[in-house]
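# What the coordinates show
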Amino acid sequence: EAVAAEWMLEFACSCLCRHFAEQSGAEFWRWRDVAQALINGLSQIPPYQKKTVYLCQLLIRIAQGKNLALQFENDQRISPLESALSFWTLLEKEEIKLEKLHEEIRRLIQIQIVAVHMENRYFKEAAEVLERLFTDSESDKPLRVKLATVIKTKDPYVPLLQSFNFGLLISKIKSYIELFMKENETNFLIQEATKHVVSKGLGATVLQNRPVEVNENGKSDFETKQRFVLSLILLRDCTFLSGVNGKMQNCCLAVDLSLFWISINCLLGLNNMQNVGKTGDSLTCSRKRQRWTHKEDLELKLGVREFGVGNWAKILVQGNFNNRTSVMLKDRWRTLSKLK
């Protein structure tokens, strides 16, 4: 079970990195939920998985870096970026060799922690966070003095903050992700799924680190179909996890089946794929707005009655809906509740 959980976490981290680099928002948030569930299921972090866990936590926090209302730590003063800095420190300790890129990312996170507070006109908090960020070491002193001067100006658009902006931080994180992915190309689930697809003569290719291309007609290219095929294989081979009476069996996470349905939703990409034709060849990704039918409303009500409000992924898979997503189900239920 521990080995299987390791494979799943590696795969989830790989997807999280890829979608962060491609700025695929919806896909990133789906895989965030899967990665977080797997991490929460660990009783302790094995030494060989520390880097994977730290990177997942870093990306989740960087993605929410400008949202000061979101809290990851018990201390409400700690912003998402300040929390991210703590995981970056842990990541640096796991590296055999510290490189220039590491130092650049550290400095950018520190600058942006102050910058985000200033953008929100929290100048007092910016001064307080500056005291927490820097030690009395001589190497930190120049940047600390510059940022203290910037805070006194109460101007979030000074050249220093503009030159080392949030976009540059994201760019550097993407560079680090690229290096990480190259070092971790031996993703077991992808390797085994690729072998299986090749053995079936389906022409598998290496799918990691490749963006999805969408042509002018809005249809996915062949690579997206290959991803879909691999996802089906992974799903089929993982169904042994589902037990009876709504509980997971033979799974180290020991959670309710709702996690299993969340995984299905993520693996199959139900939020951006419709249906595969009878031959298994056609795949449509169009998302035309369509009215809710009376039958779909009934399906939604039955699903909520059986699984409860909030279990949208599970309701989506179990119900008979016409090209809907879990988000659509949630929005429709909110509308129906208002009508009542």
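The structure we're discussing is the one just above.
Small disclaimer: the values here were computed from a predicted structure and weren't measured.

### Things to note about helix α10 (residues 188–199)
Working note: α-helix, 3.6 residues per turn, so residues spaced by three or four point in the same direction. A rise of 1.5 Å per residue sets the reference length of α10, with its 12 residues, at 16 Å; its end C-alpha atoms lie 16 Å apart and thus fit the reference within 8%. Among the residues of α10, those classed as buried are Leu 189, Ile 190, Ala 193, Thr 194 and Val 197. Buried residues in α10, looked at end-on, bunch into an arc of 125°, giving them a common side. Across α10 from its buried face, at more than 90 degrees, point the exposed residues Lys 195 and Ser 199. At the C-terminal side of α10, Gly 201 shows a positive phi close to 70°.

### A look at the pattern of salt bridges
Applying the stated criterion across every chain yields a total of 17 salt bridges. Here Glu 119 makes a salt bridge to Lys 66, at a shortest N to O gap of 2.9 Å. A residue pair is termed long-range when its members are at least 10 positions apart, and Glu 119 in helix α5 (residues 100–119) and Lys 66 in the loop between α3 (50–63) and α4 (80–94) qualify at 53 residues. Here Glu 103 ties to Arg 107 by a salt bridge, and the two come within 3.0 Å at their closest N and O atoms. Linking Glu 103 with Arg 107, this pair stays in helix α5, spanning four residues, or about one helical turn. Overall, the relative accessible area of 17% leaves Arg 107 in the buried class.

### Remarks on unusual backbone geometry
The phi torsion at Gln 23 lies on the positive side, around 55°, for a residue other than glycine. Tracing the chain through its elements places Gln 23 in the loop between α1 (2–21) and α2 (25–40). Judged by its relative accessible area of 61%, Gln 23 is exposed. Of note in the backbone geometry, Lys 154 takes a positive phi value of approximately 55° without being a glycine.

### Some words on the environment of Tyr 48
Looking at the element boundaries, Tyr 48 is found in the loop between α2 and α3. The exposure class of Tyr 48 is exposed, given its relative accessible area of 54%. Taking C-alpha positions, Tyr 48 is 9.6 Å from Glu 6, a pair spaced 42 residues apart along the chain.

About the criteria used
- Residues numbered from 1 in each chain as written.
- Predicted model: local features only at pLDDT ≥ 70, side-chain atom pairs only at ≥ 80, totals over all residues.
- Heavy atoms only, no water.
- Helix = DSSP H or I, 4+ residues; strand = E, 2+ residues; numbered from the N terminus.
- Expected span 1.5 Å × (residues − 1).
- Buried < 20%, exposed > 50% of the residue type's maximum accessible area, 1.4 Å probe, protein only.
- Arc of directions from axis to C-beta.
- Salt bridge = Lys/Arg side-chain N within 4 Å of Asp/Glu carboxyl O.

These results come straight from atomic positions and should not be treated as a statement about function.
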